[in-house]
Amino acid sequence: QQVGTAVAEIDVGEWISKEISSRKLNGIDTLVAIGRSNVEMRMLTIPPAPDDELPDLVRFQAQEHFSALGNDWTLDYLPISGKEYEQRQMLAAGISPQSIGQIHKSCETAQLQPRKILLRSCAAASLLKRQSQHAARGVQLMIDLLNVEADLTVLIDGEVVFMRTVRLPVNKRLTVLAIALASEIRRTIAAAHGFLDKQRVESVFLFG
C-alpha cells in the first residue's frame, strides 16, 4: 500500500501484527520499503566539494529545487556521477514528516522497530546485486512487477542511476499487460539515455 491517504484507509500495523503472529515471529529485523510515488525526487548538480560537505550542499540545493521540501523533511541522496572535487550529479529524495510518522505508527502497532526506510527500487537493486553476479557488471534494466504498478530501474555495475514507477493496466490479460510493459520499457530506456554515457542496456531482470 502507498504511504499517505491509502495507508489511512486500512490498519497496516494491525494487519502486519497478525501476519507476524501467525508465523510465530518476533524480534525480527525490520526494513520498510516505500514506493517512488511516496517521495519527492530531484536530480541535483552539486559543485566540487569534499564528501563530508555533501549533506549540507544537497539540502541547500534541494531547498531551491523541491516543490514542498521543509526543514523537517527527511532528505537523503544517491550519488549518480562524478568524484570528489568534480561536479557531481545527485539523486535526492525527500519524504514528509507526516509520512514518516505514519510509518512509525504502523510499526509501533505491529511492535516493530524500523531499522531502515528504503526506496523500493534501491532495495530491489541491492537484493539483485547480492543475488546475481551478472547484475554487478554492465548496464541492466530491472523491472519489479507489483499489483497495480511496476518499478523500472536502470543500473550501471549494480548501482542505480535512473528509476521510474508506472501504473499497469487494470486488465490482467497477459497480452494487454505485455504490450503496456514493453512500451514502458522503451520509454524508460529512452528517458535514461542521458545517464548512460553512450552505453546501452545489455540485459533485463524481471521480478514477478
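**Student:** Summarise the overall build of the protein chain; cite the residues concerned and give the values.
**Tutor:** Scanning the protein chain from terminus to terminus reveals 6 helices and 9 strands. With respect to the principal axes defined by its C-alpha atoms, the protein chain has extents near 50 × 45 × 35 Å. Scored against the burial criterion, the 208 residues of the protein chain give a buried share of 40%. When contacts within the protein chain are restricted to residue pairs at least 6 apart in sequence, long-range pairs at least 24 apart make up 60% of them. Here the protein chain displays about 12700 Å² of accessible surface, and carbon together with sulfur accounts for 52% of that area.

**Student:** Quick one: what's the story with the sheet that holds strand β6 (residues 139-145), residue by residue and with numbers?
**Tutor:** Adjacent strands of a sheet pair through backbone hydrogen bonds, lying either parallel or antiparallel. Ordered in space as β8-β7-β6-β9, the 4 strands form an open sheet in which the pairing is mixed. Either end of the sheet is taken by a strand with one partner, and the two such strands are β8 (159-167) and β9 (203-207). On average, adjacent strands in this sheet sit at an angle of 20° to one another, irrespective of strand direction. In the sheet, β6 pairs with strand β7 (residues 149-156) via 7 bridges, with the strands oriented antiparallel.

**Student:** Give me helix α2 (residues 12-22): which residues, what numbers.
**Tutor:** When we look at burial in α2, the residues that qualify are Val12, Gly13 and Ile20. Down the axis of α2, the sector holding all buried residues measures 95°, keeping them to one side. Pointing more than 90 degrees away from the buried face of α2 are the exposed residues Trp15, Lys18, Ser21 and Ser22. Lysine 24 sits one or two positions beyond α2 and adopts a positive phi of about 55°.

**Student:** Describe unusual backbone geometry, with residues and values.
**Tutor:** With a phi close to 55°, lysine 24 is a non-glycine residue in the positive phi region. As for its position among the elements, lysine 24 is in the loop between α2 and β1 (30-34). The exposed category is assigned to lysine 24, whose relative accessible area is 72%. One non-glycine residue, tyrosine 85, lies in the positive phi region at around 70°. Relative to the assigned elements, tyrosine 85 resides in the loop between β3 (74-81) and β4 (88-95). Owing to a relative accessible area of 58%, tyrosine 85 belongs among the exposed residues under this scheme.

**Student:** I'd love a proper account of the side chain of glutamine 61, names of residues and values included.
**Tutor:** Its place among the elements puts glutamine 61 in helix α3 (residues 54-65). Overall, glutamine 61 belongs to the buried group, its relative accessible area being 15%. Setting aside chain neighbours within four positions, we find glutamine 61 in contact with Leu44, Thr45, Ile46 and Pro47.

Conventions we followed
Residues numbered from 1 in each chain as written. Predicted model: local features only at pLDDT ≥ 70, side-chain atom pairs only at ≥ 80, totals over all residues. Heavy atoms only, no water. Helix = DSSP H or I, 4+ residues; strand = E, 2+ residues; numbered from the N terminus. Buried < 20%, exposed > 50% of the residue type's maximum accessible area, 1.4 Å probe, protein only. Contact = heavy atoms within 4.5 Å. Areas by Shrake-Rupley, 256 points an atom, 1.4 Å probe, with all protein chains shown as cover. Pairing = 2+ DSSP bridges. Axes fitted to C-alpha atoms, helices over the stretch in contact; angles between N-to-C directions. Arc of directions from axis to C-beta.

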